[in-house]
Amino acid sequence: EPEVTQTPSHQVTQMGQEVILRCVPISNHLYFYWYRQILGQKVEFLVSFYNNEISEKSEIFDDQFSVERPDGSNFTLKIRSTKLEDSAMYFCASSRSYEQYFGPGTRLTVT
Amino acid sequence: DAKTTQPTSMDCAEGRAANLPCNHSTISGNEYVYWYRQIHSQGPQYIIHGLKNNETNEMASLIITEDRKSSTLILPHATLRDTAVYYCIVRVSGNRDDKIIFGKGTRLHILP
């Protein structure tokens, strides 16, 4: 069964550094998303992406964040200058219809 | 904020049916009820969704009351692998790129 994959599974970075989280959505899906989950808290929506542009973004998704679909398969989330509070699990999701399928997540630790 | 109310936690014996309730008294006519679950440290997993008719798939059944103000997710024969946080979500399905707003969900413990 096709699934969403994410790399790396765990990323440790120093405050102020740039990180890129990578996702490979399910191949025939058209809609892509990033969510995050701070430890012990709810899963929060960050951004949705369709037809090579952002459909919607949350208040969390400020100028430090960007998304890109650099080729036909990858979907990336970049954080330009990480802060301690960016430490969280980041989940990528994709959909073709109404059900979103989530990846296993990348645990980002900012020190 | 989430438009649903769920119990914080529930226990169920292995092999029995797990019935997870959800209240969504302010649901609109064009909003569907979705259920996702999150097994520890994994990404959320889609389970089922419905509008007003009861739905069943290989994972679960969804029973929606006639007034649509509440619903119940049924896992017919719970196993230890069903231990997870279960999220009941109300959202419009007309917009395919619509975000999911997760609440705190119900933490379901399956007891051996």
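Here, the structure is the one placed above.
Residues numbered from 1 in each chain as written. Chains lettered and ligands numbered in written order. Predicted model: local features only at pLDDT ≥ 70, side-chain atom pairs only at ≥ 80, totals over all residues. Heavy atoms only, no water.

1. Notes on the overall build of chain A
Check the secondary structure of chain A and you find 0 helices and 11 strands. Helices (α) and strands (β) of chain A occur, in sequence order from the N terminus, as β-β-β-β-β-β-β-β-β-β-β. Against the globule reference of 13 Å for 111 residues, chain A gives a C-alpha radius of gyration of 13 Å, in line with a compact fold. Dimensions of chain A, computed from C-alpha atoms along their principal axes, come out at roughly 35 × 25 × 25 Å. Considering only contacts in chain A between residues 6 or more positions apart, those separated by 24 or more positions represent 53%. Carbon and sulfur atoms make up 45% of the accessible area of chain A, which amounts to about 5700 Å² in all. Separation of charge centres in chain A, based on 10 positive and 14 negative side chains, amounts to 2 Å. (Helix = DSSP H or I, 4+ residues; strand = E, 2+ residues; numbered from the N terminus. Rg over C-alpha atoms; globule rule 2.2 N^0.38 Å. Contact = heavy atoms within 4.5 Å. Areas by Shrake-Rupley, 256 points an atom, 1.4 Å probe, with all protein chains shown as cover. Lys, Arg positive; Asp, Glu negative; His and termini not counted. Charge placed at Lys NZ, Arg CZ, Asp CG, Glu CD.)

2. Brief notes about the packing of aromatic side chains
Aromatic ring pairs are reported here in terms of the distance separating the ring centres and the angle at which the planes meet. If you walk through the whole model with that rule in mind, you get 16 aromatic pairs over all chains. Their ring planes at 75 degrees and their centres at 6.0 Å tell us that Phe102(A) and Phe102(B) sit as a pair that is edge-to-face. Of this pair, Phe102(A) sits in strand S10 (residues 101-102) while Phe102(B) sits in the loop between strand S8 (84-92) and strand S9 (106-111), which puts the two residues in different chains. Judged by its relative accessible area of 3%, Phe102(B) falls in the buried class. Of the aromatic side chains, those joined through ring pairs into one cluster are Tyr33(A), Tyr35(A), Phe45(A), Tyr101(A), Phe102(A), Tyr34(B), Tyr36(B), Tyr46(B), Tyr87(B) and Phe102(B). Just above the ring of Phe45(A) sits the side chain of Lys99(B); from NZ or CZ to the centre is 5.9 Å. (Phe/Tyr/Trp six-rings, centres within 6.5 Å; stacked < 30°, edge-to-face > 60°. Buried < 20%, exposed > 50% of the residue type's maximum accessible area, 1.4 Å probe, protein only. Lys NZ or Arg CZ within 6 Å of the ring centre and 35° of its normal.)

3. Thoughts on the interface of chain B and chain A
Contacts between chain B and chain A engage 20 residues on the former and 23 residues on the latter. Applying the counting rule to chain B against chain A returns 1 salt bridge. Across the salt bridge formed by Glu56(A) and Lys99(B), the nearest N and O atoms sit 2.5 Å from each other. Looking at the side of chain B that touches chain A element by element, the count peaks at 3 residues for strand S3 (residues 31-38) of chain B. (Salt bridge = Lys/Arg side-chain N within 4 Å of Asp/Glu carboxyl O.)

4. A short note on the pattern of salt bridges
All names here are of chain B. Enumeration according to the criterion identifies 4 salt bridges over all chains in this entry. The partner of lysine 3 in a salt bridge is glutamate 31, and the shortest N-O contact between them spans 2.5 Å. Here lysine 3, found in the segment before strand S1 (9-13), pairs with glutamate 31, found in strand S3; they are 28 residues apart in sequence, far enough to count as distant. Of the charged contacts in the structure, one is a salt bridge between arginine 37 and aspartate 82, with a shortest N-O distance of 2.8 Å. Of this pair, arginine 37 sits in strand S3 while aspartate 82 sits in the loop between strand S7 (70-75) and S8, and the two are 45 residues apart along the sequence. Of the two residues, arginine 37 and aspartate 82, both sit in the buried class.

5. Points about the sheet that holds strand S2 (residues 18-23) of chain B
Residues and elements named next belong to chain B. Taken in spatial order, the 4 strands make up an open sheet running S2-S7-S6-S5, and their pairing is antiparallel. Edge positions in the sheet fall to S2 and strand S5 (55-56), since each of these pairs with one other strand and no more. Relative to S7, strand S6 (residues 61-64) runs antiparallel, the two being bridged by 4 bridges. Paired with serine 61 across the two strands is isoleucine 74, which belongs to S7. (Pairing = 2+ DSSP bridges.)

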